[in-house]
Amino acid sequence: MKVKKNLTLKIVIALVLGISIGSIFNMFAGADFVQNTNQYVFNVLGQIFLNLIFMLVVPVVFVSIVLGVVGVGDPKLLGGIGLKTVTFFLCTTAIAIIIAMLLALVFKPGVGQSDLLNSDDVKKYGAEQKAKSGDAAAPENQTFDQTLINLFPQNPMKSMVEQDMLPIITFAIFIGIGMIELGRKVEAVKKVFEQTNDILMYIVTMIMNYFAPIGTFGLVATAFTNAGFGAIKQLGMYFFVVLLALAVHFFVIYGGAVKVLAHKNPFWFFKMFFPAMTVGFSSSSSNATLPISLECTKEMGVRKEISSFVQPLGATINMDGTAIMQGVATIFIAQVSGVDLSVMQMATVVVIAVIASIGTAGVPGVGLVMLAMVLTSVGLDPAAIGIILGIDRLLDMTRTSVNITGDAACALILSEREKSKFVKES
């Protein structure tokens, strides 16, 4: 089954309808009809679509990584691809947060808004965090050494049940290497994986063709019914700076990388990947979008061995859009608090954000946990996150689209640049 040609148009229509109807419903949020429609229609449609996609995430990641490793064939070549992938992701994440901080310093979205610190949202968020941890200044986080240890699962099945992606990826890599070394002895096993992958991709395509527009409408309508554009008015400059930074990174960094490193037309790339962007926008989850992202890069002609390794890894460690939010939010909160961050403190923000992106789950809202860690590292009160909570859901949708586009750009670049090596292997 192939993705229908008019699917992109249907998803765009669903997005526009979701934004329009959700925004209208937000104006009458107190009405019973609006609440019931949002809860029992919009939310149900969106969550069913999300569940259908999440149902496939773990099997798609596991099977794709195994086949990707087997497809590469040479463990040395695999190691080289892995190193280049991680380097690309970490470099673009660092660039993303630097762009964000520079734009925030230029536009000064938080200057003259100190009254926001006394808002009910800040007090409520601070109280919630204090209730969770006993200390509002102690965000939930995981140390770098613990992240490194957790790369290697004690119980792979438990990691799959909990959808803990990095241990699943590690386990799949070991399975793939074992299959390479055993060669013809496990030819039947390889065939089972290939056939399983065919089944999974058929289901992904079926879900996209028949459920994506409806699910996209439900998710977007829910988000805009709950948030609307009201919160944007007060935080308009913050919202603008985040979107500007995302646009610069999207078109200049990703577009430039595709043009210079892959020698492909960036607009062709964006057009081919657009269906995945729309699902990323509506779901706010890199993991949920992964099956569709893989299908889109397949349509581009990206080698399966590359995409099936790079994109699942990217869904876990590539957080450029989230890094942009953290960069702008940190400067914004510092300006609201009347704090001038030193160059060393801003450098600390870059380093902490890049390190924190490794091992962070690709699920909605995780950027706020990472932001709390970043704010604490430079002496700012994490309770101030309450200021941006009202519009974070809307921005989360946009930055997820940026995150997954970075994964696809990396896959395309490596597929083109490693082409000659695969020819030699075959």
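Residues numbered from 1 in each chain as written. Predicted model: local features only at pLDDT ≥ 70, side-chain atom pairs only at ≥ 80, totals over all residues. Heavy atoms only, no water.

A. Spatial organisation of helix H7 (residues 165–182). When the terminal C-alpha atoms of H7 are compared, their 26 Å separation across 18 residues agrees well with the 26 Å that a helix rising 1.5 Å per residue should span. Those residues of H7 lying buried are Met 165, Leu 166, Pro 167, Ile 168, Ile 169, Thr 170, Ala 172, Gly 176 and Met 179. Buried residues belonging to H7 abut helix H2 (32–72), helix H6 (156–161), helix H8 (187–210), helix H13 (286–300) and helix H14 (304–317). Positive backbone phi, at 55 degrees, marks Gly 183, one or two positions downstream of H7. (Helix = DSSP H or I, 4+ residues; strand = E, 2+ residues; numbered from the N terminus. Expected span 1.5 Å × (residues − 1). Buried < 20%, exposed > 50% of the residue type's maximum accessible area, 1.4 Å probe, protein only. Contact = heavy atoms within 4.5 Å.)

B. Broad picture of the UniProt feature "transmembrane region" (unreviewed entry) in the protein chain. The UniProt record marks residues 7–28, 48–73, 85–107, 165–183, 199–224, 236–262, 343–363 and 369–391 with the feature "transmembrane region" (unreviewed entry), using the residue numbering of this structure. Structurally, residues 7–28 comprises 95% helix and 0% strand, and the distance from its first C-alpha atom to its last is 32 Å. The straight-line gap between the two end C-alpha atoms of residues 48–73 is 38 Å; of that span, 96% is helix and 0% is strand. (UniProt positions renumbered as here; feature names shortened; annotations may be inferred.)

C. The arrangement of the side chain of Asn 197 in detail. Here Asn 197 is to be found in helix H8. For Asn 197, a relative accessible area of 7% puts it in the buried group. When neighbours within four sequence positions are excluded, Asn 197 is seen to be in contact with Val 63, Ser 64, Leu 67 and Lys 304.

D. Examining the side chain of Thr 278 more closely. Along the chain, the position of Thr 278 falls in helix H12 (residues 266–283). Exposure remark for Thr 278: the relative accessible area of 2% places this residue in the buried category. Within the structure, the side chain of Thr 278 is placed 2.5 Å from the backbone oxygen of Pro 275, a separation counted as a polar contact. The residues touching Thr 278, leaving out its near neighbours within four places in the chain, are Ile 11 and Leu 15. (Polar contact = N/O pair within 3.5 Å; in protein donor to acceptor, adjacent residues only side chain to side chain.)

E. Layout of the nonpolar core. Of all hydrophobic cores here, the largest spans 123 residues; its most connected members are Tyr 238 and Ile 388. With 17 residues, the single largest contributor to this core is H2. Every residue in contact with Ile 388, bar those within four places of it in the chain, is listed here: Leu 235, Tyr 238, Ala 329, Phe 332, Leu 368 and Leu 371. Grouped together as the second largest cluster of nonpolar side chains are six residues, Ala 14, Val 34, Phe 42 and Ala 221 included. (Core = buried A, V, L, I, M, F, W, Y, C linked by side-chain atoms within 4.5 Å.)

F. Structural context of the environment of Phe 274. Following the sequence through the fold, Phe 274 ends up in helix H12. Through-space distance from the C-alpha of Phe 274 to that of Ile 11 is 9.7 Å; in sequence the pair is 263 residues apart.

G. Quick look at the pattern of salt bridges. Following the criterion strictly, the structure yields three salt bridges and no others. Glu 305 serves as the salt-bridge partner of Arg 303, at 3.2 Å between the closest nitrogen and oxygen. According to the relative accessible area criterion, Arg 303 is partly exposed, its value standing at 29%. A salt bridge links Arg 399 to Asp 396, with the nearest nitrogen and oxygen atoms 3.5 Å apart. Taken together, the residues Arg 399 and Asp 396, both in helix H18 (residues 389–417) and three residues apart, mark about one turn of the helix. Like Arg 399, the residue Asp 396 is buried in the burial classification. (Salt bridge = Lys/Arg side-chain N within 4 Å of Asp/Glu carboxyl O.)

H. Structural view of a nonpolar patch on the surface. Nonpolar side chains collect at one region of the surface, where Tyr 40, Val 41, Val 44, Leu 45, Ile 48 and Ile 214 lie side by side and expose about 510 Å² of accessible area between them. Among the elements that take part in the nonpolar patch, H2 stands out by supplying five residues, more than any other. Counting through the fold element by element, Leu 45 comes out in helix H2. Residue classification places Leu 45 among the partly exposed positions, given a relative accessible area of 31%. (Patch = residues over 30% accessible without salt bridge, like charges linked within 9 Å, V, L, I, M, F, W, Y side chains within 5 Å. Areas by Shrake-Rupley, 256 points an atom, 1.4 Å probe, with all protein chains shown as cover.)

I. How the structure looks around the packing of aromatic side chains. Going through the model one piece at a time under the given rule, you end up with 14 aromatic pairs. When the centroid spacing of 5.4 Å and the interplanar angle of 45 degrees are considered together, the rings of Phe 25 and Phe 42 count as tilted. Of the two residues, Phe 25 sits in helix H1 (residues 7–27) while Phe 42 sits in helix H2, which places them 17 residues apart along the sequence. Centre to centre, the rings of Phe 62 and Phe 171 are 5.7 Å apart; their planes meet at 15 degrees, and the pair counts as stacked. (Phe/Tyr/Trp six-rings, centres within 6.5 Å; stacked < 30°, edge-to-face > 60°.)

J. Looking closely at the packing of H12 against H18. Where H12 meets H18, the closest approach of the two axes is 8 Å, and the angle between their N-to-C directions is 140 degrees. Classified by the angle their axes make, H12 and H18 are oblique. Viewed along their axes, H12 and H18 form a crossing whose handedness is right-handed. Every residue of H18 that contacts H12 at Trp 268, Phe 269, Phe 270, Phe 273, Ala 276, Met 277, Gly 280, Phe 281 and Ser 282 is listed here: Arg 393, Met 397, Thr 398, Thr 400, Ser 401, Ile 404, Thr 405, Ala 408, Ala 409 and Leu 412. Residues belonging to the contact of H12 with H18 are distributed by class as follows: 12 nonpolar, six polar and one charged. (Axes fitted to C-alpha atoms, helices over the stretch in contact; angles between N-to-C directions. Parallel < 35°, antiparallel > 145°, perpendicular 65-115°, else oblique. Left-handed = near helix turned anticlockwise from the far one by under 90°. Nonpolar A, V, L, I, M, F, W, Y, C, P; charged D, E, K, R; others polar.)

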